Amino acid sequence: MKKLCLALPLLLLCCGCNRNSDLLPFLGKWLGRFEISEIQGGGTAQDIKRETLKGYVQVYATSRSYKMEMEGEQEVINITGTWTIKANRITLTPKSIIIDDKGGEDKRDPNKKFIASKDVREAYGRPLLLVESADKKSLTGLKITIGNLLGIHRFVKDSF
């Protein structure tokens, strides 16, 4: 019993020093979208709805890596990279961007919206900052442009 009494404070001290506890709210799968607030050069509400990218971010503890997938009417964007946390913000830094444009320009449907690959690479080739909500259930990005689209990323926690 005496050994247990001596070991208990040491055990509590070690448990209280978990330096990774601040990571836990960010880990897991976040469902969301790139919400467009404005199309520079003009666009209707229907255009804004059709240009919206939908997808997810999966944040892993392993190697502090992440995977993001965003999908538009004619493209799927897969991004992998690493992340860092500072206070209630996570910064996603890309390492790889793969764009599936569903057959390229020759097979593109002119009746569907499409974001040029160079615009996607320019926007997602830089670190993406997301701010955690007070209830730790959503992440919201700063305003960015993707080509002529101005908007923010918004994700909601799906699973751990």
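Here, every reference points to the structure presented above.
First, a word on what this report is: a plain description of the structure on this page. What you are looking at is a predicted structure, and each value in this text was computed from that prediction instead of being measured.

1. Quick word on the pairing of strand β2 (residues 53–59)
Along any regular strand, the residues point their side chains to alternate faces of the sheet. Counting buried residues along β2, six of its seven residues qualify, which places the element largely inside the surrounding structure. Of the strand pairs in this sheet, strand β1 (residues 28–39) and β2 are connected by seven bridges, and their pairing is antiparallel. Each bridged residue has a counterpart across the sheet, and for Gly28 the counterpart in β2 is Val59. Where β2 meets strand β3 (residues 65–71), six bridges bridge the pair, whose relative direction is antiparallel. Paired with Tyr56 across the two strands is Glu69, which belongs to β3. The turn joining β2 and β3, which pair antiparallel and follow one another in sequence, is formed by five residues; a positive phi near 55° is taken by Ser63.

2. Considering the environment of Gly141
By secondary structure assignment, the location of Gly141 is in strand β7 (residues 138–141). Residue classification places Gly141 among the buried residues on the basis of a relative accessible area of 9%. For the pair formed by Gly141 and Leu130, sequence separation is eleven residues and the distance between their alpha carbons is 4.3 Å. The contacts of Gly141, once residues within four sequence positions are left out, are Leu129, Leu130, Ile152 and His153.

Analysis parameters
- Residues numbered from 1 in each chain as written.
- Predicted model: local features only at pLDDT ≥ 70, side-chain atom pairs only at ≥ 80, totals over all residues.
- Heavy atoms only, no water.
- Buried < 20%, exposed > 50% of the residue type's maximum accessible area, 1.4 Å probe, protein only.
- Helix = DSSP H or I, 4+ residues; strand = E, 2+ residues; numbered from the N terminus.
- Pairing = 2+ DSSP bridges.
- Contact = heavy atoms within 4.5 Å.

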